[in-house]
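A closer look at the structure
Chain residues, written in single-letter form:
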Amino acid sequence: MSSSQPPLPVQPFDTFFVRQVEFSDLRKALRLGAADFVKKPFLSMLFGLIMALFGLVFIAGMMVYDQIWMIVPAGVGFPLVAPFLAAGLYEMSRHYQLNQTFRWREIFAIIFKQQRREFGWMAFVMLFVFWVWIYQIRLLLALFLQWTSFSSLDGLVVILTTTTNGFLFLGIGTIVGALMATALFSITVISMPLLLDQEIDFVSAMILSVKTTTTSPLVLLSWGLIIAALTFIAMLPFFVGIVFVMPILGHATWHLYRHALGKREAKTAAG
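Keep in mind that this is a model prediction, so the values were computed, not measured. (Residues numbered from 1 in each chain as written. Predicted model: local features only at pLDDT ≥ 70, side-chain atom pairs only at ≥ 80, totals over all residues. Heavy atoms only, no water.)

Quick word on the packing of aromatic side chains
Operational definition: Stacked, edge-to-face and tilted labels apply to pairs of Phe, Tyr and Trp rings (six-membered ring for Trp) whose centres lie within 6.5 Å, assigned for plane angles under 30 degrees, over 60, and everything in between, in that order. Should the NZ of a Lys or the CZ of an Arg lie within 6 Å of a ring centre and within 35 degrees of the ring normal, that charge is described as sitting over the ring.
Using the criterion set out here, one finds five aromatic pairs in the structure. The rings of F47, W104 and F108 are connected pair by pair, giving a single aromatic cluster. The ring of F102 has K40 lying over it, and the distance from NZ or CZ to the ring centre is 5.2 Å.

Brief notes about unusual backbone geometry
For clarity, the cut-off: Helix and strand assignments follow DSSP, with helices taken as H or I runs no shorter than four residues and strands as E runs no shorter than two, numbered in order from the N terminus.
Residues other than glycine seldom take positive phi values, yet N99 does so here, at roughly 55°. Relative to the helices and strands, N99 is located in the loop between α4 (87-97) and α5 (104-113).

Brief notes about helix α12 (residues 242-260)
We count it as follows: Each helix should span, by expectation, one fewer than its residue count multiplied by 1.5 Å. Each residue is placed in one exposure class: buried if its accessible area under a 1.4 Å probe, protein chains only, is under 20% of its type's maximum, exposed if it is over 50%, and partly exposed if it falls in between.
Spanning 19 residues, α12 covers 26 Å between terminal C-alpha atoms, matching the ideal 27 Å at 1.5 Å per step. Counted residue by residue, α12 has 14 buried out of 19 residues, so it is predominantly covered.

Section: the side chain of S93
As a reminder, the rule being used: Contacts are residue-level and defined by heavy atoms, with any inter-residue pair within 4.5 Å sufficient.
The residue S93 is located in helix α4 in this model. In contact with S93, other than residues within four places in its own chain, are D36, H251, W254 and H255.

A word on the pattern of salt bridges
Applied cut-off: Definition used for salt bridges: Asp or Glu carboxyl oxygen within 4 Å of a side-chain nitrogen of Lys or Arg.
One pass over the structure, following the stated rule, counts four salt bridges. Where E106 meets R103, a salt bridge forms, and the shortest distance between an N and an O atom there is 4.0 Å. Using a relative accessible area of 52% as the deciding quantity, one classes R103 as exposed. Two residues, R258 and D197, come together in a salt bridge whose shortest N-O distance is 3.3 Å. Here the residue R258 occupies a position in helix α12, and D197 occupies one in helix α9 (residues 191-197), the gap between them amounting to 61 residues.

Quick word on the nonpolar core
Most often, soluble globular proteins have nonpolar side chains that are buried together. Selection rule: Among buried residues, those of type Ala, Val, Leu, Ile, Met, Phe, Trp, Tyr and Cys that are joined through side-chain atoms within 4.5 Å constitute a nonpolar core.
Ranked by internal contacts, the top residues of the largest apolar core, which has 69 residues, are M92, M122, F169, L194, W223, I242 and L261. Looking at this core element by element, the count peaks at 12 residues for helix α6 (residues 119-144). Aside from chain neighbours lying at most four places away, what touches F169 is I137, L140, L141, F144, L145 and L160.

Concerning the confidence of the model for the chain
Where we set the bar: The predictor attaches a confidence to each residue, called pLDDT, with possible values from 0 through 100.
The predicted model of the chain averages 81 in pLDDT, with 80% of residues at 70 or higher. The spread of mean pLDDT over the elements of the chain runs between helix α3 (residues 71-85), the lowest at 58, and helix α1 (residues 23-39), the highest at 96. Counted against residues more than four places away or in other chains, residues 1-7, with its pLDDT under 50, gives zero contacts.

This is the structure we're talking about:
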């Protein structure tokens, strides 16, 4: 008998339903996320450390290879790819909610298994949007700053804040970035923890995520702004704050997902 188990059947879209999300639910999610963080703080911080190191290596690589212009879009794009790295945090919170004990090896094993599930396709979507964002910024850079040279971060800041083309680049880039970030947030805010938790195809997960956002648009978009603001603040002191902030946000996202999305009871054949 083979030791491998057949995959569970993919659940239909109408298995799930969306609940209204209130601002009080955001506060509760953050409170529960902080509570999850302190249960196994070193393991949670390990995921935060991986995110921080990823950011530092990325920024250092751009500076070494004289790609200073990419620091701006990378700073915006980093919070967009972070949910994929938070898979381990979702799994930890899932165990806490079920009152299950676990070891760190089990968490990493679950993360590794996601490459054979729909989670991997969702990660591909996120990375694709991220690279589109990078190339959009490069296009805007060519349009507005084509005659301008800069070889350091200080030079880039001066150009962006003291020239007309720099202001135009920042303004239009901010609008384009905000639209892409909103779209990406809408399709991932619920879909990432959902794909980790349930057997569902990634397209249905994205639709449910968008439906969650449109059901409570002000609250969910506020949640996106909270994530962006806290992440940006955490990035400022050489990504040190990422080690603490991202794990709490990851755990909180799990609890928000569990509140926002419900599952219908399966109907019996007699019913």
